[in-house]
Each structure stands twice: as structure tokens, then as C-alpha cells.
Amino acid sequence: MNQVAHGINWREGDVVITSDREHNSNLVPWLKLAELGVELRTVKSHDDNTFDIENFENICAEVGNKLRMVSLVHVGNLDGVEIPVKTASKIAHDHGAIVHIDGAQSVPHLPVDITDIGCDLLSFSIHKMLGPTGMGVLWGKEHILSELEPICAGGGTVTDADKSGYSLKEIPSRLEGGLGHYAGISGTEAALDFLSNYDMQKFAEQEIRINNIISEGIKNLPNVEIIGPESARERGGICSILLDGIDVQNTGILLDEMDSVFVRSGLHCVNQWFNDKGIEQGSLRASAYAYNNDEDAKRFVDSFSEIIETLSR
Ligand SMILES: Cc1ncc(COP(=O)(O)O)c(C=O)c1O
């Protein structure tokens, strides 16, 4: 995303649109462009965190020919809610924008068909799909990638160079400054080989089934509110929980120490959403993946219920 944000030749007054539930990775690179006179507009979601497509379309129309980029998270890491990116891409294209989709939470969890979505660029992280940290993928249409200015120059990016100048290679080499991270590339290949043996649709269904057990098991507990729509089907494998008057961090530690249940607590790098709502401590997020089963979900429900009931007394 940084390569995209810093590789485009922006004009002062250009506008970028994102949603109000973006990971900081799909927010800060655009905010950094303020120094070039690029403005960021965000689309406020519905109260249940689903995407407000009408609001989005209105903002696109309002921005008019200043609209340069629409960059949306496909599935939110905050809440598992999916944005209808195919419809959003069509609207954005009708208004002349380039469309970038953050697929970090969708590509590892469900079948994603880039052609069907119709976006121009899509990025995702390998560490979220059983691979090593520090590796990511930027897919893009050839003419858009070819026009990006490399953010990192290096040995393999040029066909020739001397003190009078340099000539850049074709993509992808021109965008890949620095010696390759070969250990990371090998780890990535192993992760992708492993995942390609599985049916992503089955992964998605398994996660929803697990999330359903979790959501149904905890939804009536005191001081507990699940972020997003009530139905687990609309939140994929994520059950992100707000706790009223109970510390999320300590609850996460108790789950771990009592029953070896690992969850994440805090802001999940989606600071903006929590800041907008004035929720300082963030949420407790249980998220399922291919290696989880129904037993794990039941263990979470039992352990979490015991902690919440005790702390609510
Ligand atoms: C939706 C989403 N976007 C972006 C990122 C950040 O990816 P990276 O750390 O590879 O930049 C994450 C989490 O890792 C994420 O969940």
C-alpha cells in the first residue's frame, strides 16, 4: 500500500476515499499525503458496521473529478464484516478513481476472484496465511503498476545507470529495490503450496460455523457486546467483543492462563474506529482459522463465560 500511496504522481487537491474501519496500514499512507495537498475522505459505516454504499456513492459524486483513489478493506480485521467491493469498485470506476482493495483479511479466509471484483490493485499479507512475517503481495493491473514511481531504488531495479541518470526495468523488478528476502520468499511458497491443497470456500464455512458457536454462546452474557451484525455469517471468522466495565487486556490474559485460549485484545490497529466511538481499551477479538474446530469454540465460550460472570458480580 505504501508503494501505491507514494508511487502515484498526485495533483494538489486529489481526493482518496476509504472507510471508517480501516487498519492503520490503509489509513496512515493516505494521511501522509496531506503534505502534497491530497485530501482523505472516509465513508461512515452503518451502525452495525456494514458498508453504507449510498453514503459512499454520494461522497464519490460530491468529490467529482478530484477523486483519484478509492482504497477499501475487503474484510475488516476489526469485525470480519465484508464490504461489497465489486459494487464499490464499479461505482468508484464510474467516478474515474483507481481502486485498491486491502485483502489482508479476505485472501487467507475465503475465495477471492480479482477479476470478478474488478479492482485495479489488491494487496495482502503473507503472515495472515500461515507464512512468514515481512512478506506481502501487491497485485495490480499492468498499466497502473508500470506507472508507479518506485519508492525504493536498488541494484536490480535498473537496466543501466551512471552519473547522468538511470533507466528503470519493467515491472515487477523496477518496484523491487534491494536484494530479495529469499528466506521469506521460500516460506511464502511453502505456505501457498500448503493452502492451495484446500478449498477456500470450506475454510470460510468452517470459520462461520465456529463463530456461530462463539457468538450464540456469549451474546447474552452481561456487559458484553459483539461488534458488527448479529449474525456470525456476516462476520466471517471474527467475534470482536466490547466489554463494559471489564478490562479487555486482563480478560485476554485470564483466558490464556486458565484455559490456554489465545485471543487478541486492544485496538487491532484500527485506532480510528475506536477513537470515533470513544472506546479507549478496544475489544477482545476471537478469530478462527483453518486449524480451529468446534471444540476450540466451546472451550472459548466456557472459559469466557466463567470469567465474565465472575467479574460481573
Ligand atoms: C485488514 C488488514 N490490513 C492490513 C494489515 C497489515 O498488514 P501488514 O502488517 O503486512 O502491513 C492487517 C494485519 O496484519 C490487516 O488485518
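Data block above holds the structure.
A brief look at the structure comes next. (Residues numbered from 1 in each chain as written. Predicted model: local features only at pLDDT ≥ 70, side-chain atom pairs only at ≥ 80, totals over all residues. Heavy atoms only, no water.)

So, on to the site of the ligand. Around the ligand, the neighbouring residues are H23, S25, V73, N77, D102, A104, S125, H127 and K128. One nitrogen or oxygen atom from the side chain of D102 is found 2.6 Å from a nitrogen atom belonging to the ligand. Residue S125 places a side-chain N or O atom 2.7 Å away from an oxygen atom belonging to the ligand. In the complex, the protein chains occlude 74% of the 390 Å² of accessible area that the ligand would expose alone. Partitioning the shell around the ligand into residue classes produces two nonpolar, five polar and two charged. (Near = heavy atom within 4 Å. Polar contact = N/O pair within 3.5 Å; in protein donor to acceptor, adjacent residues only side chain to side chain. Areas by Shrake-Rupley, 256 points an atom, 1.4 Å probe, with all protein chains shown as cover. Nonpolar A, V, L, I, M, F, W, Y, C, P; charged D, E, K, R; others polar.)

Okay, the pattern of salt bridges next. Scanning the model with the defined rule gives 12 salt bridges in all. A salt bridge links R233 to E205; the nearest nitrogen and oxygen atoms lie 3.1 Å apart. One end of the pair, R233, is in the loop between β9 (224-226) and β10 (238-243); the other, E205, is in helix α8 (residues 200-218), with 28 residues separating them in the sequence. Using a relative accessible area of 32% as the deciding quantity, one classes E205 as partly exposed. One salt bridge connects D294 with R209, and the closest N-O pair in it is separated by 3.0 Å. Of this pair, D294 sits in helix α11 (residues 294-312) while R209 is found in helix α8, placing the two residues 85 residues apart along the sequence. On the basis of relative accessible area, D294 is assigned to the partly exposed category, the value being 23%. (Salt bridge = Lys/Arg side-chain N within 4 Å of Asp/Glu carboxyl O. Helix = DSSP H or I, 4+ residues; strand = E, 2+ residues; numbered from the N terminus. Buried < 20%, exposed > 50% of the residue type's maximum accessible area, 1.4 Å probe, protein only.)

Moving on, we come to helix α4 (residues 85-94). Burial in α4 covers these residues: V85, A88, S89, I91 and A92. All buried residues of α4 lie within an arc of 165° about the axis, which places them on one face of the element. Seen from the buried face of α4, the exposed residues on the opposite side, beyond 90 degrees, are K90 and D94. Considering only its buried residues, α4 is in contact with α3 (53-63), β3 (67-73), β4 (98-102) and α5 (114-117). At the exit of α4 stands G96, carrying a positive phi of roughly 80°. (Arc of directions from axis to C-beta. Contact = heavy atoms within 4.5 Å.)

Attention now moves to the packing of helix α9 (residues 248-259) against α11. Where α9 contacts α11, the two axes come as close as 10 Å, and the packing angle between them is 125°. On the basis of the axis angle, α9 is oblique to α11. Considering the relative orientation of α9 and α11, their crossing is right-handed. The residues of α11 that touch α9, namely those facing T251, L254, L255, M258 and D259, are R299, F300, S303, F304, E306, I307, I308 and L311. Partitioned by chemical class, the residues of the contact of α9 with α11 number eight nonpolar, two polar and three charged. (Axes fitted to C-alpha atoms, helices over the stretch in contact; angles between N-to-C directions. Parallel < 35°, antiparallel > 145°, perpendicular 65-115°, else oblique. Left-handed = near helix turned anticlockwise from the far one by under 90°.)

Let us now look at the sheet that holds strand β11 (residues 264-266). With antiparallel pairing, four strands are arranged side by side in an open sheet as β9-β10-β12-β11. A single partner strand is all that each edge strand has here, and the edge strands are β9 and β11. For this sheet, the mean angle separating the axes of adjacent strands, direction not counted, is 25°. Sheet topology places β11 next to strand β12 (residues 283-287); three bridges connect them, and they run antiparallel. The residue of β12 that forms the bridge with G266 is S283. Most of the contacts of α9 go to β12, to which it runs at about 35°, and overall it touches β10, β11 and β12. Relative to β10, α11 is tilted by about 5°, and along the sheet it contacts β9, β10 and β12. (Pairing = 2+ DSSP bridges.)

A few words now on the nonpolar core. If you look at the biggest cluster of nonpolar residues, it comprises 32 residues, and the most contacted ones within it are I17, F56, V70 and I101. Two domains each put at least three residues into this core: domain 1 (2-157 + 166-181) and domain 2 (200-307). Residues contacting V70, with those up to four places away along its chain left out, are I17, F56, A92, A97, I98, V99 and H100. (Core = buried A, V, L, I, M, F, W, Y, C linked by side-chain atoms within 4.5 Å. Domains from an automatic or database assignment.)

So, about the packing of α8 against α11. Where α8 contacts α11, the axes come no closer than 9 Å and their chain directions differ by 20°. Classified by the angle between their axes, α8 and α11 sit roughly parallel to one another. Crossing hand, α8 versus α11: right-handed. Side by side, α8 and α11 meet where R209, I210, I213, I214, G217 and I218 of the first sit next to D294, A297, K298, F300, V301, F304 and S305 of the second. Tallied by class, the residues present in the contact of α8 with α11 amount to eight nonpolar, two polar and three charged.

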